[in-house]
Amino acid sequence: MRRLFPVTDQTADTAAAPAAPAADRAAGRPVVVDREWSLDELADAYAYPRVGEEAVRGGAAADPHAPGPAARPAPPRVWLRANMVSSLDGAAQHDGRSQPISSAADMRIFGTLRGLADVIVVGAETVRQEGYRPARARDAFAERRAAAGQAPAPAIAVVSASLDLDFSLPLFTEPKTPTLVLTGAAAPRDRLRAARDAGVETVIAGDGPGADPARVVSALAERSLVRLLTEGGPRLLGQFIAAGVLDELCLTVSPMLTAGDAQRIAGGPSLAVPERFALASVLEEAGFLFTRYRRI
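Rules of the game
Residues numbered from 1 in each chain as written. Predicted model: local features only at pLDDT ≥ 70, side-chain atom pairs only at ≥ 80, totals over all residues. Heavy atoms only, no water. Helix = DSSP H or I, 4+ residues; strand = E, 2+ residues; numbered from the N terminus. Buried < 20%, exposed > 50% of the residue type's maximum accessible area, 1.4 Å probe, protein only. Pairing = 2+ DSSP bridges. Axes fitted to C-alpha atoms, helices over the stretch in contact; angles between N-to-C directions. Expected span 1.5 Å × (residues − 1). Core = buried A, V, L, I, M, F, W, Y, C linked by side-chain atoms within 4.5 Å. Contact = heavy atoms within 4.5 Å.

Moving on to the overall build of the protein. When helices and strands are tallied, the protein shows nine helices and 10 strands. Buried positions account for 43% of the 296 residues belonging to the protein.

As structure tokens, then:
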């Protein structure tokens, strides 16, 4: 793996690249280093911004010297990042799953992003298609998570309007950190009862049948889950984008063409005005580009 952007000491390191052209090394020109990255290096590269010190969604931190309510501590800042993969021709899936357009390096980054998150937010259809299981507690991230005050493993939060979920699956019966289900106040009564009878914590985050994206974020923050990661699917990501609550997109560009009619990484109604994000970093391995974009 090599870092293409931003240029850092890891990117430009002639001493670590003896196979580089002699003329480049002799002239001291930067050489892009291609080597295997450790999980610690990946975790540092994808670390969340500092949380817990700023107001939610760009508000100013509370002034401790201000009178009245403004003197109260600001709520913790929430950071919602998405992790998706896309083929060169825009497909987010092949035959209904993302694995065929992924790679070993993509899965290492996938695991790293999970290892850094408080909670993984996912749509019910993705849970069904991808066969979601509980997130694992991994030794590689144990010390980092403990220092950040996180549980050993991230929670899974499933967003569903219909609650058409099998609550006997390991995702709900065997998680190291309890799985949450977020839905709306008008969700089917019988399915709400089935979830609660199965011991699944349900969170009402909307007035209609489904959860409101902005209320999903705030409901998780109220549970001290502020490092959020969504893995889709495309419809859920589209809802977060439309609600203006997405802070960061980690997009893997797969060097594959699929044709067909697969979904894009985000679906649903379009924005009235496209929202501009800024490029934060680019890594590369075996033709796969691992990009990060942040809200401007």
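Moving on, we get to the sheet that holds strand 1 (residues 2–5). In space, the 10 strands of this open sheet follow the order 1-9-10-8-2-7-3-4-5-6, with mixed pairing throughout. At either margin of the open sheet sits one strand with a lone partner, and together these are strand 1 and strand 6 (201–204). Averaged over all pairs of adjacent strands, the angle between strand axes in this sheet comes to 25°, irrespective of strand direction. Relative to strand 6, strand 5 (residues 180–183) runs parallel, the two sharing four bridges. In the sheet register, Val181 faces strand 6, and the bridge partner there is Thr202.

Turning our eyes to something else, we now look at helix 3 (residues 104–116). With 13 residues, helix 3 ought to run about 18 Å at 1.5 Å a step, and its terminal C-alpha atoms sit 19 Å apart, in line with that. When we look at burial in helix 3, the residues that qualify are Ala105, Asp106, Ile109, Gly111, Thr112, Leu113, Arg114, Gly115 and Leu116.

Counting residues in each nonpolar core, the largest one holds 38 residues, and the members touching the most others are Met1, Leu42, Tyr46, Val158, Leu165, Phe172 and Phe290. When contributions to this core are tallied by element, the ones reaching two or more residues are helix 2 (39–45), helix 3, strand 3 (119–123), helix 4 (124–130), strand 4 (155–159), helix 6 (170–173), helix 7 (189–197) and strand 10 (288–295). With residues near it in sequence (within four places) discarded, Phe172 still touches Val158, Leu165, Asp166, Phe167, Thr179, Val181 and Val200. With 32 residues, the next largest nonpolar core counts Leu80, Ala155, Val159 and Leu237 among its residues.

Keep in mind these values describe shape, not function.
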